[in-house]
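Chain and residue survey
One-letter residues, chain by chain:
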Amino acid sequence: MVVSIASDHAGYDLRMTVKKHLEEMGLEVIDGGAVSSTESFSYVEAGKKVATDVMTGKADRGVAICGTGIGISMVCNKFKGIRCALCHDEYTARMSRQHNNANIIAMGGRVVGSSVALAMIDTYFAEEFAGGRHAVRVGDISSLEEVNFK
Ligand code: RB5
């Protein structure tokens, strides 16, 4: 599996920790975004990078990190076919896969510590989409794109 990860400056430190963990899991990682935690880098650019990689099939999944996770998740969800879930704990990470088939997980580098973040990553990549009634709802989300995304 190929995973695209990017962050702004506020997510840089957590991104380095998560990137190392993903590589230790044997995943191929495409790394983008801020080059340090001190040089300002827009979460909009970082989100565009992850979402484009997933939307085009260059990556199978994405990890998007900014200070809160809010801005970068908003950006990612502006891309067709992207279901980016802002998660704060293992429960939301699990549900983002089981119920929402999220193809990008977002988190806040100023919100979660590295232990929680890595537990979220383990859960997010281990869980499968449950399908069934959830597939209908995810399909309904896709239908909205046909109306609202030109
Ligand atoms: C950067 O200061 C901060 O605004 C950004 O990382 C993010 O939290 C925005 O949603």
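Worth saying up front: this structure is predicted, and the values here are computed from it rather than measured. (Residues numbered from 1 in each chain as written. Predicted model: local features only at pLDDT ≥ 70, side-chain atom pairs only at ≥ 80, totals over all residues. Heavy atoms only, no water.)

1. What about the packing of aromatic side chains?
- On inspection of all chains with the given rule, the structure shows 1 aromatic pair.
- When the centroid spacing of 4.9 Å and the interplanar angle of 90 degrees are considered together, the rings of Tyr124 and Phe125 count as edge-to-face.
- For Tyr124, a relative accessible area of 0% puts it in the buried group.
- Assessed through its relative accessible area of 14%, Phe125 is described here as buried.
- The ring centre of Tyr124 lies 5.0 Å from the NZ or CZ of Arg61, which sits over that ring.
- A cation over an aromatic ring shows up here: Arg97 above the ring of Tyr124, its NZ or CZ 6.0 Å from the ring centre. (Phe/Tyr/Trp six-rings, centres within 6.5 Å; stacked < 30°, edge-to-face > 60°. Buried < 20%, exposed > 50% of the residue type's maximum accessible area, 1.4 Å probe, protein only. Lys NZ or Arg CZ within 6 Å of the ring centre and 35° of its normal.)

2. Considering the nonpolar core
- In this structure, Val18, Leu22, Val63, Ile105, Met107, Ile121 and Phe125 are the most contacted members of the largest nonpolar core, which totals 22 residues.
- In terms of residue count, the dominant contributor to this core is helix H5 (residues 114-126) (6 residues).
- Sequence-distant contacts of Ile105, that is, excluding residues within four places in its chain, are made with Gly62, Val63, Ala64, Ala85, Cys87, Ala93, Met120, Ile121 and Tyr124.
- Core analysis: the second largest hydrophobic core is formed by 18 residues, Ala6, Ile30, Val50 and Ile72 among them. (Core = buried A, V, L, I, M, F, W, Y, C linked by side-chain atoms within 4.5 Å. Helix = DSSP H or I, 4+ residues; strand = E, 2+ residues; numbered from the N terminus. Contact = heavy atoms within 4.5 Å.)

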